[in-house]
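An overview of the molecular structure
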Amino acid sequence: MQEKLRIAVQKSGRLSEDSLKLLKECGIGVPNGNNQLKINAENFEAEILFLRDDDIPEYVQDGVADIGFVGENVVLEKNKATDIVERLGYGKCRLSIALPKTRKKLAIKDLDGMKIATSYPFILNKWLRQNKLKADIHVISGSVEIAPRIGLADAICDLVSSGSTLFSNELYEFETILKSEAVLISGKKLSPARKELLDKLLFRIRSVRKAKFNKYVMLNAPNKSIEKICAYLPGINSPTIVPLAKKDWSSIHSVISESDFWNVIENLKAAGAEGILIIPIEKMIE
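I will try to describe carefully the structure that is included in this document. What you see is a predicted model, and the numbers here were worked out from it, not measured in a lab.

**Brief notes about the overall build of the protein chain**
- Looking only at helices and strands, one finds eight helices and 15 strands in the protein chain.
- Against the globule reference of 19 Å for 286 residues, the protein chain gives a C-alpha radius of gyration of 25 Å, more extended than a compact globule.
- Counting only C-alpha atoms, the protein chain reaches 80 × 60 × 35 Å along its principal axes.
- For the protein chain, the proportion of its 286 residues judged to be buried stands at 44%.
- When the accessible area of the protein chain is evaluated, it comes to approximately 15,700 Å², of which 49% is carbon and sulfur surface.
- Distance between charge centroids for the protein chain: 2 Å, based on 42 positive and 37 negative side chains.

What follows is the structure in structure tokens.
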């Protein structure tokens, strides 16, 4: 029987939907969503395991799952024997120390001796040691932000996304100690067959993610402007130029990075480009 790649995905929570969406964009079907604990994937030799995010690093370390979609903050906190093989770009957040709004204008050194409530004692303790600080770490699972209001702690260390939870609990973000995003982790002892499947999956993921950061551009331009326009359109190797039926005009095709998009478009128009058409790219394979 052919080996299958065992993929751990968060059963519910902020990364679950985006992880399943990425698999779908990679051509991997997950029938019935996460209603079961284990399900065979469609169009790829894989099994999907739906687990609690906190458990994924340990399951990957122990070989129950071969790879896992999980937050980097969880990977670093659990400190298991796994490798981060790909950063995925979604689920971005930060692990920060927050203080009551009544305690403004403090310096990092003022944390020394404080009682800090957190669900991330390993990461927090490492950061405190790096900054030569000592604090009384009070470990809480869930609702960390309420600890200062009930006198349980002087400060908290928790995940922050929009900051609305801090605001509603009269806290402010004092210091970011970790920036996190979704990552793909792998066990250290994959069989050759499963390593080959992982390589195939990574190829698909990278093709999908690269497409998200680029746009396909088609435009018409007079031939006399081609050289100037091509200076703004490096493309993958170089722009594609196709002569038009209209005399002394050509169609130019290229790929533009999302980060450069608007500046490039403005330069193209100034150089004489007309009929500029922007097309999203679904996959980008080099």
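**Quick look at the sheet that holds strand β10 (residues 171-180)**
- The strand order across the open sheet formed by five strands is β8-β7-β9-β6-β10, and the pairing between neighbours is mixed. Two strands lie at the open edges of the sheet, namely β8 (136-139) and β10, each paired on one side alone. The average undirected angle you get between the axes of adjacent strands in this sheet is 25°.
- Pairing analysis gives four bridges linking strand β7 (residues 115-118) to β8, with the strands arranged parallel. Across the sheet, Lys115 pairs through a bridge with Asp136, a residue of β8.

**What about the packing of aromatic side chains?**
- Taken as a whole and judged by the stated rule, the model has one aromatic pair.
- Taking the centre distance of 4.8 Å and the plane angle of 80° together, the rings of Phe261 and Trp262 count as edge-to-face.
- Assessed through its relative accessible area of 60%, Trp262 is described here as exposed.
- For the cation-ring pair, Lys104 lies above Tyr172, with the distance from its terminal atom to the ring centre recorded as 4.3 Å.

**Re the sheet that holds strand β2 (residues 38-40)**
- The six strands lie next to each other as β2-β3-β1-β4-β11-β5, forming an open sheet whose pairing is mixed. Strands with a single pairing partner mark the edges of an open sheet, and in this sheet they are β2 and β5 (83-87). This sheet shows a mean twist of 30° between the axes of neighbouring strands, independent of strand direction.
- Where β5 meets strand β11 (residues 182-186), four bridges bridge the pair, whose relative direction is antiparallel. Bridge pairing in β11 links Asp83 to Ser186.
- Across the face of the sheet, helix α6 (residues 192-212) comes into contact with β1 (5-10), β4 (67-71), β5 and β11 while running at roughly 30° to β5.

Cut-offs used in this document
Residues numbered from 1 in each chain as written. Predicted model: local features only at pLDDT ≥ 70, side-chain atom pairs only at ≥ 80, totals over all residues. Heavy atoms only, no water. Helix = DSSP H or I, 4+ residues; strand = E, 2+ residues; numbered from the N terminus. Rg over C-alpha atoms; globule rule 2.2 N^0.38 Å. Buried < 20%, exposed > 50% of the residue type's maximum accessible area, 1.4 Å probe, protein only. Areas by Shrake-Rupley, 256 points an atom, 1.4 Å probe, with all protein chains shown as cover. Lys, Arg positive; Asp, Glu negative; His and termini not counted. Charge placed at Lys NZ, Arg CZ, Asp CG, Glu CD. Pairing = 2+ DSSP bridges. Axes fitted to C-alpha atoms, helices over the stretch in contact; angles between N-to-C directions. Phe/Tyr/Trp six-rings, centres within 6.5 Å; stacked < 30°, edge-to-face > 60°. Lys NZ or Arg CZ within 6 Å of the ring centre and 35° of its normal. Contact = heavy atoms within 4.5 Å.

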